[in-house]
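Spelled out, the chains give:
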Amino acid sequence: MKKIFKYILAGFVGCASLSSCLDDALQTAPTDSMSGDGLLANANAALVPLNGIYRSMYASWSPTGNTHQSFGISSYNLMADVMGEDLIMSAKGSGWFWYDCLYNVKSFYSSGAWRSYDLWNGYYTWVSNANYIIAAEETMEGTTDEINYVIGQAYAIRAYSYFMLAQSFARTYKGHESDQCCPIYTEPTVAGTAGKARATVQEVYDQITSDINKAVDMLNGIKRKHVSHINQAVALGLKARVALVMEDWATAKSAAKGAIAASGCIVLPVSSFSGLNDSSAGNAMWGAEIISDQSGMYAGFFTHMDACDERGDGKYGAEARKQISKELYDLINPIDARKAWWDPKNENNKSGGYQQEKFKFSDRQTWTGDYIWMRVEEMYLTAAEAECRLGETASAIEDLKAVMDKRVEGYTCTKTGTSLGATSSDYTGSLLEEIIIQRRVELWGEFGRIYDLRRLKQGFRRTAAMGWPSDALLGNRPTNDPECYMWVLTIPQSEFDGNVNMDVKTDQNPVGDYKE
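Here the structure is a predicted model, which is why all the values come from computation and not from measurement.

A. Just the packing of aromatic side chains, in detail. If you walk through the whole model with that rule in mind, you get 26 aromatic pairs. Arranged with centres 6.2 Å apart and planes meeting at 85°, the rings of Phe-163 and Tyr-205 form a pair that is edge-to-face. In this pair, Phe-163 is assigned in helix α5 (residues 144-169) and Tyr-205 in helix α6 (residues 201-218), connecting sequence segments 42 residues apart. Per residue, the accessibility class of Phe-163 equals that of Tyr-205, and both read buried.

So this is what it looks like as structure tokens:
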């Protein structure tokens, strides 16, 4: 059985609240040490392991020395952003995220200290923990709402985890439904459980949609206890993300609209959520409240993003600066308030892009700043894209304007059509392209650009004129080919070592950019 399944619920026993410690929570006990009679006996007690899962979504927990670039959801989003064209890494720095940026991680699948193991282990750990909680549904005591609150979130966590596994270890859904994806586990696993073979992309997405639909139904009308918890609005937001990848435009539209309504969130002016470090902001749907003893210090998102130029004590954020591509910056309206998120005049820009000021510590002394994983602006842009694809031009522009009216005074759009260029630098002037450009600007550094490029089936280019350093231009790589395997991760060797139903010769993803 997978070695990853030795990291399981019993490790979360000490996490009685979101402020409790998770120092070694994912490395402490085998799966068969978790009894259904304890923490899962009733819904209130089950919040302990549930909170443990959420804690690991923003904690630095990688067991193999990869901690400084492995701190849960925000680290994986940053990984996917530096793999694209819009978020520039100006230099190698200490090396964190640099090899993701260079697409030089796939050959290290036999190591536990590289990205293949990190993502596979992380997402499957969340799956495994969620499976234990889901399995206790019939025996769990509590009111219907109390039980649904716990079980519904477990379904959502499992759906999210499989969704991200599918986006990391297989090509995008549309056109690749019969490709191999990842094994599916829906029952608790123990040390002796036989591993499963890779399911197809279609089978994995069938599981994802089933799980997220259950989550949406079970969480209906239930008020959440903490912003890190997935409520119905967030579940609908995740459903909208999945639907975009599946090109199910009607579902993407309805789910995004439902998420907006259920969230109670509003689009905020840029000045009202500066630093993007406050999960209580009126536009934040889902995130993690980071207190000082959970900051991660060097192993934290803001450490990698904030150069702290105003203080002169930046760490990774100053050594390997995160900059916006000049090409994307030049597409932003001159009076767009979001231009404040980047500094073209920063003396450290040199020949690179423009220094980011979008993400800032809320308190540099304590290394703190909340992580935001979903904002309501994303849902409006998702609805706009779906409506555009459905031929509902007026509605698409209306939802686009819901965001842009808070960004550009007097914003108007008369564009139509759905054409996109072969690469993101080939412009068509369509309405769909306008929506995607505004999405690129709005979600820069938050979402993971490569995920959108893959589902849109667009290639990309990096050039020195954009501000990319010569070492990261990828000139000899097929960045213009969305069908290649360049951005499909290899499966870690530890999976093949522990799973008799997977063979490294037939089940491994290509180490190179194409199948041999």
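B. Region of the structure containing the packing of α5 against helix α7 (residues 232-246). Between α5 and α7, the shortest axis-to-axis distance is 11 Å and the interhelical angle comes to 30°. Between α5 and α7, the angle is such that the two are roughly parallel. Read as a crossing pair, α5 and α7 show a hand that is left-handed. For the pair α5 and α7, contact is made by Ala-156, Tyr-160, Phe-163 and Gln-167 and by Leu-238, Arg-241, Val-242 and Val-245, respectively.

C. Layout of the side chain of Asn-283. Among the secondary structure elements, Asn-283 is positioned in the loop between α8 (249-263) and β2 (284-288). The class for Asn-283 is buried, based on a relative accessible area of 1%. Those residues in contact with Asn-283 that lie beyond four places of it in its chain are Cys-265, Ile-266, Leu-268, Phe-273, Met-374, Arg-375, Val-376 and Glu-377.

D. The environment of Arg-364, seen in detail. Within the fold, Arg-364 resides in the loop between β5 (354-356) and β6 (371-375). A relative accessible area of 11% places Arg-364 in the buried class. Along the primary structure Arg-364 and Gly-314 are separated by 50 residues, whereas in three dimensions their C-alpha atoms are 9.3 Å apart. Leave out the neighbours within four places in its chain, and Arg-364 touches Cys-308, Arg-311, Asp-313 and Lys-315.

E. Quick look at the pattern of salt bridges. This model, assessed by the stated rule, comprises 35 salt bridges. With its nearest N and O atoms 2.8 Å apart, the salt bridge here joins Asp-313 to Arg-311. Classification of Arg-311 as partly exposed rests on a relative accessible area of 42%. Ionic pairing is found between Asp-452 and Arg-439, a salt bridge with its closest N-O pair at 2.6 Å. Of this pair, Asp-452 sits in helix α15 (residues 449-456) while Arg-439 sits in helix α14 (residues 431-442), and the two are 13 residues apart along the sequence. The class of Arg-439 is buried, set by a relative accessible area of 2%. The structure contains a network of salt bridges with shared partners spanning Asp-336, Arg-338, Lys-358, Arg-375, Glu-377, Arg-407, Glu-442 and Glu-446.

F. Highlighting α6. With 18 residues, α6 should reach 26 Å at 1.5 Å per residue; the first-to-last C-alpha distance of 26 Å fits that figure. Of the positions making up α6, those classed as buried are Val-201, Val-204, Tyr-205, Gln-207, Ile-208, Asp-211, Ile-212, Ala-215, Val-216 and Met-218.

About the thresholds
- Residues numbered from 1 in each chain as written.
- Predicted model: local features only at pLDDT ≥ 70, side-chain atom pairs only at ≥ 80, totals over all residues.
- Heavy atoms only, no water.
- Phe/Tyr/Trp six-rings, centres within 6.5 Å; stacked < 30°, edge-to-face > 60°.
- Helix = DSSP H or I, 4+ residues; strand = E, 2+ residues; numbered from the N terminus.
- Buried < 20%, exposed > 50% of the residue type's maximum accessible area, 1.4 Å probe, protein only.
- Axes fitted to C-alpha atoms, helices over the stretch in contact; angles between N-to-C directions.
- Parallel < 35°, antiparallel > 145°, perpendicular 65-115°, else oblique.
- Left-handed = near helix turned anticlockwise from the far one by under 90°.
- Contact = heavy atoms within 4.5 Å.
- Salt bridge = Lys/Arg side-chain N within 4 Å of Asp/Glu carboxyl O.
- Expected span 1.5 Å × (residues − 1).

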